[in-house]
Amino acid sequence: MLFWIIAAALAFAVAGLIAATALRARAADEPGGADVAVYRAQLAEVDRDLARGVIGEDEATRLRNEISRRLLAADAEAQGAAATARRSSPLALAGLGLVLVAGSLGLYAVLGAPGYPDLPLAERLARADERAANRPGQAEAEAEVPSRPAPEVDADFAALMDKLRTAVAERPDDVQGLRLLARNEATLGNFAAAHAAQARVVEALGDGARAQDYLALGEMMVLAAGGYVSPEAEAALNAALARAPDNGAALYYIALSRWQTGRPDLAFRIWEALLRRGPEDAPWIAPIRAQIGDAARLAGAPYDPPAAAPAPRGPSAEDVEAASEMSDEDRAEMIRGMVSGLSDRLATEGGPPQDWARLIGAYGVLGELERARAIYAEALEIFAGDEQALALIREAGTRAGVDG
């Protein structure tokens, strides 16, 4: 508040100086002010002419009377202009002050960061590092999340979940059971229970845990904490990136962590690269588009987000899973028809890396890992040298489980 008081006072002071200078200049330029000096010079000239004998006394008297009459009129006009200037001075001052203050506020709103502390860059970075080092842990963050209403669950599904929990408790090293438990707890919105089960999956797998296992663990932690990336969640995400450096979902959450700890510059760099890489239907693209503008502004980076790319052709993993409502025969026919059509088109016409990634993912969902592995190997050869395309293909292979 003190800053704005000082800024307003300075603006009005400058406006006063400008107004006073302008009004003095205007008064000096008034016709009456100039005429007074002329008429006085004429009176002196009449006296000189009389002394030289150029004119007589009667003529001198007549000229003095005429010039004096004009002098009085000009002087009255000059006095009126000065009075008008004095009366208009406060209004001019107020008007200029308002223009300067309003213009300053408008300019600051565009170029500045209202509410952001005025700190040197080194101190800002130090504070961001301190905030990252001392931010709340997973348990503390979860305790702050408002309780969610329990979802409505079918009685049969609830009974199956009870049996699954019991079975996992009796066989704590059953990785498949733990995976199933983690996935279904997340479906029910029980994210704390989900990441607890997923942590046991990672522990049971040991060195055999894949990037996707760590990603699932980190993502469930973020969801349990209401969108906050805790140190524990970040550790899981970094473990995923250590195994798959181009994993888009893990990179998105790492950037979100940087955003939350006061480093919009780092968040912007990661999100901007992910947005350029695509694909447009990746789950992290929409949240990036929603936040990257603010990140760019706070990072001081001019940025014009690219237009959304057209969605690639072919069935997505969601399309394949949506077929679960059909009968076995209809579902198999539909899925294989879509996948076969995409496979034939890529074999004859080729296509962008997004379509190859879709085909790998579709075969992975179908459980046809050999075909997924063959498509994966072929795509790596086709796009050799294109790092962005290869990153997309590798990510699809990781999701399908054929990148080993």
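Quick caveat: nothing in here was measured; it's all calculated off a predicted structure.

Asker: Where do I start with the overall build of the chain in this structure?
Answerer: Regarding its fold elements, the chain presents 18 helices and zero strands. The buried share of the chain, taken over its 404 residues, is 33%. Carbon together with sulfur atoms contributes 58% to the accessible area of the chain, which is approximately 23100 Å² in total.

Asker: What's the story with the side chain of N184 in this structure? I'm lost.
Answerer: Its place among the elements puts N184 in helix α7 (residues 175-187). On the accessibility criterion, N184 (16% relative accessible area) is buried. In this structure, N184 is in contact with F157, M161 and L164, ignoring residues within four places of it in sequence.

Asker: What is the right way to read the nonpolar core from this model?
Answerer: Burial of nonpolar side chains together is a common tendency in soluble globular proteins. Judged by nonpolar contacts, the single largest core of 34 residues is most densely connected at L237, Y252, W271, L274, W284 and I288. With eight residues, the top contributor of residues to this core is helix α11 (residues 248-260). Sequence-distant contacts of W284, that is, excluding residues within four places in its chain, are made with G248, A249, Y252, L274, R277, G278, E395 and R399. In this structure, L346, A357, I360 and F383 belong to the second largest nonpolar core, which totals 19 residues.

Asker: What am I meant to see in helix α16 (residues 353-366) here?
Answerer: Every α-helix winds through 3.6 residues per turn, so residues three or four apart in the chain are directed the same way. With 14 residues, α16 extends 20 Å from end C-alpha to end C-alpha; this agrees with the ideal 20 Å at 1.5 Å per step. The complete set of buried residues in α16 reads P353, D355, W356, A357, R358, L359, I360, A362 and Y363. The first or second residue beyond α16 is G367, which carries a positive phi of 85 degrees.

Asker: Teacher, can you tell me more about helix α9 (residues 211-224) here?
Answerer: For α9, spanning 14 residues, the distance from its first C-alpha to its last is 20 Å, which sits close to the expected 20 Å at 1.5 Å a residue. Inspection of α9 places A211, D213, Y214, L215, L217, G218, M220, M221, V222 and A224 among the buried residues, and these make up the whole buried set.

Asker: Got a minute to help me understand the pattern of salt bridges in this structure?
Answerer: When the charged atoms of two side chains with opposite charge come close together, those side chains can pair. For the coordinates displayed, the defined rule picks out 15 salt bridges. Linking R277 and E395 is a salt bridge whose minimum nitrogen-to-oxygen distance equals 3.0 Å. Of this pair, R277 sits in helix α12 (residues 264-277) while E395 sits in helix α18 (residues 387-400), and the two are 118 residues apart along the sequence. Owing to a relative accessible area of 13%, R277 belongs among the buried residues under this scheme. Of the charged contacts, one joins E370 and R373 as a salt bridge, the two residues approaching to 3.1 Å between their closest N and O atoms.

Asker: Can you help me understand the packing of helix α6 (residues 155-170) against α7 in this one?
Answerer: Where α6 meets α7, the closest approach of the two axes is 10 Å, and the angle between their N-to-C directions is 140 degrees. One finds that α6 runs oblique with respect to α7. Handedness of the α6/α7 crossing: left-handed. Two secondary-structure elements touch here, α6 through F157, M161, L164, R165 and V168 and α7 through G177, L178, L180, L181, N184 and E185. Of the residues contributing to the contact of α6 with α7, the split by class is seven nonpolar, two polar and two charged.

Asker: What is the right way to read the packing of aromatic side chains from this model?
Answerer: Aromatic ring pairs are reported here in terms of the distance separating the ring centres and the angle at which the planes meet. In the structure shown here, the tally under the stated rule is four aromatic pairs. Between Y252 and Y253, the ring centres sit 5.3 Å apart and the planes meet at 65 degrees, which makes this aromatic pair edge-to-face. No difference in accessibility class separates Y252 from Y253, as the two residues are buried. The rings of Y252, Y253, W259 and W271 are connected pair by pair, giving a single aromatic cluster.

Asker: I'm lost on the environment of S343 in this one. Help?
Answerer: The residue S343 is located in helix α15 (residues 328-348) in this model. Considered as a pair, S343 and L359 are 16 residues apart in the sequence and their alpha carbons are 6.9 Å apart. Discounting chain neighbours no more than four positions away, the residues touching S343 are L359 and Y363.

Asker: Would you explain the environment of L342 in this entry?
Answerer: Along the polypeptide, L342 turns up in helix α15. Judged by relative accessible area, L342 falls into the buried class, the value being 3%. Expressed as a C-alpha distance, the spacing of L342 and A362, which sit 20 residues apart in the sequence, is 10.0 Å.

Asker: Teacher, can you tell me more about the environment of A194 here?
Answerer: Along the chain, A194 turns up in helix α8 (residues 191-205). Exposure remark for A194: the relative accessible area of 0% places this residue in the buried category. Leave out the neighbours within four places in its chain, and A194 touches A182, E185, A186 and M220.

Asker: Looking at this structure, I do not really get the packing of α16 against α18. What am I missing?
Answerer: The description of two helices packed together rests on the angle between their axes and the distance between the axes. For the pair α16 and α18, the least separation of the axes is 8 Å and the interaxial angle reads 10 degrees. Between α16 and α18, the angle is such that the two are roughly parallel. Each of P353, Q354, W356, A357, I360 and G364 in α16 lies in contact with α18, whose residues at this interface are A389, L392, I393, A396, G397 and A400. Of the residues assigned to the contact of α16 with α18, the class counts are nine nonpolar, three polar and no charged.

Asker: Any chance you could explain the confidence of the model for the chain here in plain terms?
Answerer: Do not read the predicted coordinates in detail wherever pLDDT is low. Taken over all residues, the pLDDT of the chain has a mean of 79, while the share at 70 or more is 73%. No element of the chain has a lower mean pLDDT than helix α14 (residues 317-322), at 54, and none a higher one than helix α10 (residues 231-243), at 96.

Cut-offs applied
- As a convention, each chain's residues are numbered from 1 in the sequence order in which they are written.
- Under the rules for a predicted model, residues below a pLDDT of 70 receive no local features and side-chain atom pairs below 80 are neither given nor counted, while totals for whole chains, interfaces and linings still include all residues.
- Calculated side-chain values reflect all of the structure's heavy atoms, with hydrogen atoms and water omitted.
- Here a helix means four or more residues in a row that DSSP labels H or I, a strand means two or more in a row labelled E, and each is numbered from the N terminus.
- Whether a residue is buried, partly exposed or exposed follows from its accessible area with a 1.4 Å probe, protein chains only, as a fraction of its type maximum: under 20%, in between, or over 50%, in that order.
- Note on areas: Shrake-Rupley with a 1.4 Å probe; residue coverage comes only from the protein chains shown.
- For this analysis, residues touch if any pair of their heavy atoms sits within 4.5 Å.
- Working definition of a nonpolar core: buried Ala, Val, Leu, Ile, Met, Phe, Trp, Tyr and Cys residues. They are joined through side-chain atoms within 4.5 Å.
- Multiplying 1.5 Å by the residue count of a helix minus one yields the expected span of that helix.
- Here a salt bridge means any side-chain nitrogen of Lys or Arg lying within 4 Å of a carboxyl oxygen belonging to Asp or Glu.
- To get an axis, fit a line to the C-alpha atoms, keeping to the stretch in contact for a helix; angles then go from 0 to 180 degrees between the N-to-C directions.
- The cut-offs work like this: below 35 degrees is roughly parallel, past 145 is roughly antiparallel, 65 to 115 is roughly perpendicular, and the gaps in between are oblique.
- Two helices cross in a left-handed way if the nearer one is turned anticlockwise from the farther one by less than a right angle. They cross in a right-handed way if the turn is clockwise.
- Put simply, Ala, Val, Leu, Ile, Met, Phe, Trp, Tyr, Cys and Pro go in the nonpolar bin, Asp, Glu, Lys and Arg in the charged bin, and everything else, Gly too, in the polar bin.
- Think of it this way: a Phe, Tyr or Trp ring, Trp meaning its six-membered ring, pairs with another when their centres are within 6.5 Å, and the plane angle makes it stacked under 30 degrees, edge-to-face over 60, tilted otherwise.
- Along the chain, pLDDT gives the predictor's confidence residue by residue, from 0 to 100.

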